[in-house]
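Analysis of the macromolecular model
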Amino acid sequence: MAASSRSLAFWQRVAPRVPFCARERTRTCASVSRLQSSPLSGIHSRSTPIANAVLVKTQCRYKSSSVGSTSSAPVETEDNVLRVGRVKIPNIWLRDNCQCSTCFHADTKQRLHDTFQIPHNLRIRSSESDGKTTAIEWSDGHRSRYDHSVLRQAAAPFKERAIIRQGLAEEPVYWGSEIASSPPKVPHDAPNAMRKILENIRNYGFTYITNVPFHSPTPTEEILTSIAGFLRLTHYGGFYVFTSDLASADTAYTNIALEAHTDTTYFSEPAGLQAFHLLSHTDGEGGASLLVDGFKCALDLKSQDPEAYRILSEVNVHAHASGNKGISIQPFRGFPVFSHDPATGQLLQVRWNSSDRAGIELPIAETPKWYAAARKYNALLKKKRNEYWEQLTPGNILLFDNWRVLHGRSAFTGKRTICGAYVSRDDWVSRWKIERWGDEAAGRAIAAS
Ligand SMILES: C[N+](C)(C)CCCC[C@H](N)C(=O)O
Ligand SMILES: O=C(O)CCC(=O)C(=O)O
């Protein structure tokens, strides 16, 4: 399948029918050429030339420019209007994103001027382009200079503008039980290990980090802390070592089977990454780990039963953590099972935890329709072809995206000790963006993200 049609198929799969949109056409620009995977490390490395604008029918919350990709559109100024191709860039936006030293702090990358002191009737007095930038003298005498690549990004369709913001350099690789034959893995001491680790997370939703010393939890803590420089603190602590002793009033601290779920649905912002490193399991058996690609199953539901997908995308569900004395945590509002980017329509988060679910935000008499939709998603999650079971082993950290990949375990006997941690979503995506695009490129896109 050619790259552009594969991307088309990809965008059509991920951009759901979400309720608050007028049907919109937009374009996105993502083409992926998958290089030969490295047989040694099981790492699928790919070059990712952003090219091949494809026309994708999607639903977007806001009227997105109906023009195609602006990646090479001409930048011209005429009669008080600066245009990128056919897209007019408003003077207020231009002035608000002036990067001169009085408007923008070069070190902190923060806006210095007062947006709301910009004159309403601001006009372009003169302009001059050198082919890569355009200098503008404004009617109030202020002078600005704009990089054409930033202007083109600002005029681009939302999906193009979201690529760096979401760190979506490539289309995700959806998987089922077959991933067991070659799960993504990176030796912790491999060259560019962090980039490869986070590239696997972005593409597959999980990775193993191998060759990790396990004589103590410390090496694991150091590796996980190195992702963002700090861990996500919760009422379980930061770095955790746990076993079946109910040290915390949660079923994770027991030896019972746990069905596929995402963690911390009771937080307004669920943990981003989660890690498990099995340090030991003695005098017993079981305790196999389960992973399910929540996005794959969601997209299967969307194609099999769009109405069920819509209900799970619209109906808010509440959650709670109440087992521990003195703790009663709930998110500030309800959230649907499937959350999407309002601008691009892309599926961004799955929240699925039957143990911790609280209220369903429907009149009680209408809740059966949510249960019926959830039952269909649950059935997909439990299909053998969607379950990846693995017995974790000491020396190998399992690291996964808790916003996409569900996890669980089988019941076990004996003494089983696991260590791990959470890393917040924004913190790991930040590190990934820097590893993938570098500070300058990731920063340059901000104004137009
Ligand atoms: C901290 N540690 C990972 C050991 C246990 C956390 C318990 C998570 C809880 N069952 C949930 O689904 O959010
Ligand atoms: O013990 C395990 O393997 C997983 C525990 C779990 O699901 C959790 O901590 O959320």
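What counts, and where the lines are drawn
Position numbers for residues count from 1 along each chain, tracking the sequence in the order it is written. Whichever chain is written first becomes A and whichever ligand is written first becomes 1, with later ones labelled in order. Given that the model is predicted, a residue must reach a pLDDT of at least 70 before its local features are reported, and side-chain atom pairs must reach 80 or more before they are shown or counted; all residues, however, enter totals for whole chains, interfaces and linings. To obtain the side-chain values, all non-hydrogen atoms of the structure were used and water was disregarded. By convention, a stacked pair of Phe, Tyr or Trp rings (six-membered ring in the case of Trp) has centres within 6.5 Å and planes under 30 degrees apart, an edge-to-face pair has planes over 60 apart, and any other such pair is tilted. We count a stretch as a helix when DSSP gives it H or I for four or more residues in a row; a strand needs E for two or more, and each element gets its number in order from the N terminus. Throughout, exposure labels follow a simple rule: accessible area from a 1.4 Å probe, protein chains only, divided by the maximum for the residue type, with under 20% read as buried, over 50% as exposed, and the rest as partly exposed. When we say a residue is near a molecule or strand, we mean one of its heavy atoms is within 4 Å of it. Identification of polar contacts relies on pairs of N or O atoms within 3.5 Å, with a donor-acceptor requirement for protein atoms, meaning one able to donate a hydrogen and the other able to accept it, and with residues adjacent in sequence counted only if both atoms are side-chain atoms. To be clear on the numbers: accessible area is Shrake-Rupley with a 1.4 Å probe, and residue cover counts the displayed protein chains and nothing else. Three categories are distinguished: nonpolar for Ala, Val, Leu, Ile, Met, Phe, Trp, Tyr, Cys and Pro, charged for Asp, Glu, Lys and Arg, and polar for the others, with Gly belonging to the last. UniProt positions are given in the numbering used here, feature names are shortened, and annotations may be inferred rather than shown by experiment. Where helices are involved, their axes are fitted lines through C-alpha atoms of the stretch in contact, as for all axes, and angles between N-to-C directions lie from 0 to 180°. Every residue pair with non-hydrogen atoms within 4.5 Å of one another is taken to be in contact.

1. Structural notes on the packing of aromatic side chains
Per the stated rule, a full pass over the model turns up 17 aromatic pairs. Their ring planes at 25 degrees and their centres at 6.3 Å tell us that Tyr236 and Tyr253 sit as a pair that is stacked. Here the residue Tyr236 occupies a position in the loop between helix H6 (218-228) and strand E15 (240-242), and Tyr253 occupies one in the loop between E15 and strand E16 (258-261), the gap between them amounting to 17 residues. Taken individually, Tyr236 and Tyr253 each receive the classification buried, so the pair is uniform in this respect. Centroid distance Tyr309 to Phe338: 4.9 Å. Interplanar angle 25 degrees. Geometry classified as stacked.

2. Notes on the site of ligand 1
Close to ligand 1 lie 15 residues; Asp250, Asp263, Thr264, Tyr266 and Asn353 are nearest. With respect to ligand 1, the backbone of Thr264 contributes an N or O atom lying 2.6 Å from an oxygen atom. Protein chains bury 96% of the 380 Å² of accessible surface belonging to ligand 1 in isolation. Classifying every residue of the shell around ligand 1 gives 7 nonpolar, 5 polar and 3 charged.

3. What about the UniProt feature "domain: Gamma-butyrobetaine hydroxylase-like N-terminal" (unreviewed entry) in the chain?
Feature annotation in UniProt assigns "domain: Gamma-butyrobetaine hydroxylase-like N-terminal" (unreviewed entry) to the following positions: residues 87-152. Along residues 87-152 the backbone is 17% helical and 36% strand, and the end-to-end C-alpha distance reaches 9 Å.

4. What to know about the packing of helix H4 (residues 158-166) against helix H10 (residues 425-444)
At their nearest, the axes of H4 and H10 sit 8 Å apart, and the two run at 115 degrees to each other. In this structure, H4 contributes Ile163, Ile164, Arg165 and Gln166 to the contact, and H10 contributes Val429, Lys433, Trp437, Ala441 and Ala442. Along the lines of polarity and charge, the residues of the contact of H4 with H10 split into 6 nonpolar, 1 polar and 2 charged.

5. Observations regarding the site of ligand 2
In the neighbourhood of ligand 2, the contacting residues comprise Phe242, Ala252, Leu258, His261, Asp263, Gln274, Phe276, His407, Arg409, Arg416 and Ile418. Between ligand 2 and Asp263 there is a distance of 2.8 Å, counted from an oxygen atom to a side-chain nitrogen or oxygen. The contact in question runs from an oxygen atom of ligand 2 to an N or O atom on the side chain of Arg416, over 2.8 Å. Burial of ligand 2 by the protein chains amounts to 95% of its free accessible area of 300 Å². Counting only elements with at least two residues in the shell around ligand 2, the list comes to E16, strand E17 (273-282), strand E25 (405-409) and strand E26 (415-420). Taken together, the residues of the shell around ligand 2 sort by class into 5 nonpolar, 3 polar and 3 charged.

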